[in-house]
Amino acid sequence: MPDILLVEDKESLRRVLRLTLEHAGYSVSEAADAREAINEIGRVPYKIVLTDLRMPNGSGLDVLRAARAADGNVPVIVMTAYGSIDEAVQAMKDGAHDFLQKPVDSNHLLLLVERALEELRLRTENILLREEWSKRYGFPRIIGESEAIKRVVAETQRVAQTEATVLLLGESGTGKELFARAVHHLSNRRDHPFVAINCAAIPETLIENELFGHERGAFTGAGDRRLGKFELASGGTVFLDEIGELPLAVQGKLLRVIEEKSVDRIGGRGPVPVDVRVVAATNKDLRAAVNTGEFRGDLFFRLAVFPIEIPPLRDRGEDVVMLARQFAAQLGKELRGREATISDAGIAALRTHRWPGNVRELENAIERACILADDIMLEPRDLGLGPEDARGPADFGFDTTGTLGEAAARAVHLVERRKIAETLAAHDGNKTRAAEALGVSYKTLLTKIKDYSL
């Protein structure tokens, strides 16, 4: 496949651009106007199309649409000396990769071409699903073959090459932090820090200090200056997990940090510049929270520049079996000295379970099974998915006397208490992780622990 189709009506400029690209090692074909370019696109596939915006026999937008129609993955870079807001908006709507202002700077041109080729490679290779990538970078591979997970992987790889703010949406346990780390490792910031903050795990009185830091003497006990997470992540990425739990008072300050790229330490005399990319995640419906006044609308729209919805495990088809086998092999080797396998009955049980705790619940189930199983072959009973788990309400052992409402209330009490106790045990008493697995806020979990005397 030739590298680049160069579309420019001025012969002198076209020759200069071709020599620049060929000197950098690219193969280049030329077209002198839009009609010739469209015919060439229909005849030969190209990796990149570099086109002028205003030309005879059509425009760069016509070339852009023809290129995208021929191959939805091909990056199109549009050059113009007459750029306008309307033209830029229309080109981006039609799928332009980037704009290049005339007169063309050679270094800028080569940089855009290099980035476009790298983005194309990431989109077409699904690099996050490749085992060799995980080995090369020492990073957990995203496992799955379902269309749902492939779509998310493609979106992650595409946005990683930009500086856009990313909002990861999905239920607890779907692997949002894994995708946040993938965004960081695939970006130009990969050699700088990745700093993760769980907004639900930090008390409201401390969250501002944790994020933005303080100066010496800012408050009682502030004996030294302390840098916040945003300054510690300089040049890298800040991951704000459970962003929906961030107090309203801090949301306004976070919005200012994102927009102005500077922080105000508590007790500081002026703003401190910071260079970070923000990736946020939540299992809450932030639009609903905006409507109820629990979350700032301006911050939501600033965070949701590129939203990515991580699918729940129940919507990923056979991925549950792939993940279970991977966990069994890995955890069996760690805990029992050799890889564990799963029986046919175990696989059938895995397929029928709904997995409300998603990938995290599945991993925990496999880990417990590897510890408790008598054999290295895992059965439904080892996974906690045996027939005994299909008991009816009468087998729960609670009092069913009284009205329906009274009996139902006792049932809810029993189920909630048992579920919370099991989840806390599965996470070694870590309340933050347990709250995430249960799909409730940290504060809600603390209240229920107190109510149920756990």
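Keep in mind that this is a model prediction, so the values were computed, not measured.

K.L.:
How should the packing of helix α18 (residues 404-426) against helix α20 (residues 442-451) be read in this particular structure?
P.N.:
In helix packing, the relevant descriptors are the interaxial angle and the interaxial distance, both defined with respect to the helix axes. Look at α18 against α20: their axes get within 11 Å of each other, and the N-to-C directions meet at 115°. With respect to α20, the axis of α18 lies roughly perpendicular. For the pair α18 and α20, the crossing hand works out as left-handed. Packed against α18, whose contacting residues are Glu-416, Ile-420 and Leu-424, the element α20 presents Leu-445, Lys-448 and Ile-449 at the interface. In terms of residue class, the contact of α18 with α20 is built from four nonpolar, no polar and two charged.

K.L.:
What is the right way to read the sheet that holds strand β7 (residues 98-101) from this model?
P.N.:
Pairing between the strands of a sheet comes from backbone hydrogen bonds, and it takes one of two forms, parallel or antiparallel. Strand order in the open sheet formed by five strands is β2-β1-β3-β6-β7, with parallel pairing between adjacent strands. The open sheet terminates on both sides in strands that have one partner only, identified here as β2 (28-31) and β7. Ignoring strand direction, the axes of neighbouring strands in this sheet form an average angle of 20°. As judged from the four bridges shared by strand β1 (residues 4-7) and β2, these two strands associate in the parallel manner.

K.L.:
Would you mind going over a negative patch on the surface with me for this structure?
P.N.:
Taken together, the side chains of Glu-334, Glu-363, Glu-367 and Asp-428 define an acidic patch exposed on the protein surface. Along the chain, Glu-367 falls in helix α16 (residues 358-372). According to the relative accessible area criterion, Glu-367 is partly exposed, its value standing at 32%.

K.L.:
I keep staring at the confidence of the model for the chain and nothing clicks. Help me out?
P.N.:
In regions of low pLDDT, the predicted coordinates are not meant to be interpreted in detail. Here the chain shows a mean pLDDT of 86. Residues at 70 or above account for 93%. In this model residues 388-397 is a low-confidence stretch, pLDDT under 50, and it forms seven contacts with partners more than four residues away in sequence or in other chains.

K.L.:
Looking at this structure, how should I read the sheet that holds strand β16 (residues 306-309)?
P.N.:
Reading across the sheet, the five strands line up as β9-β12-β15-β8-β16 and stay open at both edges, with parallel pairing between neighbours. Every interior strand has two partners, whereas the edge strands, β9 (194-198) and β16, have only one. Averaged over all pairs of adjacent strands, the angle between strand axes in this sheet comes to 20°, irrespective of strand direction. The pairing of strand β8 (residues 166-169) with strand β15 (residues 277-282) spans four bridges and is classified as parallel. Bridge pairing in β15 places Leu-167 opposite Ala-280.

K.L.:
Teacher, can you tell me more about the pairing of β15 here?
P.N.:
Side chains on a regular strand alternate between the two faces of the sheet. Counted residue by residue, β15 has six buried out of six residues, so it is predominantly covered. Both faces of β15 are covered, namely the face carrying Arg-277, Val-279 and Ala-281 and the face carrying Val-278, Ala-280 and Thr-282. Where strand β12 (residues 237-241) lies against β15, four bridges are found, and the strand directions are parallel. Among the inter-strand pairings, Thr-237 is bridged to a residue of β15, identified as Arg-277.

K.L.:
How should I be thinking about the packing of aromatic side chains in this particular structure?
P.N.:
By convention here, two paired aromatic rings are described through the distance between centres and the angle between planes. For the coordinates displayed, the defined rule picks out three aromatic pairs. Seen in terms of ring centroids, Phe-194 and Phe-239 are 6.1 Å apart; in terms of plane orientation they differ by 25°. Their pairing is stacked. One end of the pair, Phe-194, is in strand β9; the other, Phe-239, is in strand β12, with 45 residues separating them in the sequence. Of the residues examined, Phe-239 reaches a relative accessible area of 1% and is grouped as buried. With a centroid separation of 5.1 Å and 65° between ring planes, the pair formed by Phe-300 and Phe-301 is classed as edge-to-face. A relative accessible area of 6% places Phe-300 in the buried class. On the basis of relative accessibility, which here comes to 52%, the residue Phe-301 falls in the exposed class.

K.L.:
How do you make sense of helix α2 (residues 34-43) when you look at a structure like this?
P.N.:
Those residues of α2 not exposed but buried are Ala-34, Ala-37, Glu-40 and Ile-41. The buried residues of α2 occupy one face: seen down the axis, they fall within an arc of 125°. Those residues of α2 that are exposed and angled more than 90 degrees off the buried face are Arg-35, Asn-39, Gly-42 and Arg-43. Packed against the buried residues of α2 are β1, β2, β4 (54-55), β5 (58-59) and α3 (60-70).

K.L.:
Help me understand unusual backbone geometry in this model?
P.N.:
Peptide bonds are, in most cases, trans, and in most cases residues other than glycine have a negative phi. In this structure, the amide linkage connecting Lys-102 to the following residue, Pro-103, adopts the cis form with an omega of -5°. The phi dihedral of Glu-242 falls on the positive side, at around 50°, and the residue is not glycine. What makes Glu-242 buried here is its relative accessible area of 6%. The residue Asn-358 is not glycine, and still its phi comes out positive at about 60°. Considering the arrangement of structural elements, one finds Asn-358 in helix α16.

Definitions and limits used
- Residues numbered from 1 in each chain as written.
- Predicted model: local features only at pLDDT ≥ 70, side-chain atom pairs only at ≥ 80, totals over all residues.
- Heavy atoms only, no water.
- Axes fitted to C-alpha atoms, helices over the stretch in contact; angles between N-to-C directions.
- Helix = DSSP H or I, 4+ residues; strand = E, 2+ residues; numbered from the N terminus.
- Parallel < 35°, antiparallel > 145°, perpendicular 65-115°, else oblique.
- Left-handed = near helix turned anticlockwise from the far one by under 90°.
- Contact = heavy atoms within 4.5 Å.
- Nonpolar A, V, L, I, M, F, W, Y, C, P; charged D, E, K, R; others polar.
- Pairing = 2+ DSSP bridges.
- Patch = residues over 30% accessible without salt bridge, like charges linked within 9 Å, V, L, I, M, F, W, Y side chains within 5 Å.
- Areas by Shrake-Rupley, 256 points an atom, 1.4 Å probe, with all protein chains shown as cover.
- Salt bridge = Lys/Arg side-chain N within 4 Å of Asp/Glu carboxyl O.
- Lys, Arg positive; Asp, Glu negative; His and termini not counted.
- Charge placed at Lys NZ, Arg CZ, Asp CG, Glu CD.
- Buried < 20%, exposed > 50% of the residue type's maximum accessible area, 1.4 Å probe, protein only.
- pLDDT = per-residue confidence, 0-100.
- Phe/Tyr/Trp six-rings, centres within 6.5 Å; stacked < 30°, edge-to-face > 60°.
- Arc of directions from axis to C-beta.

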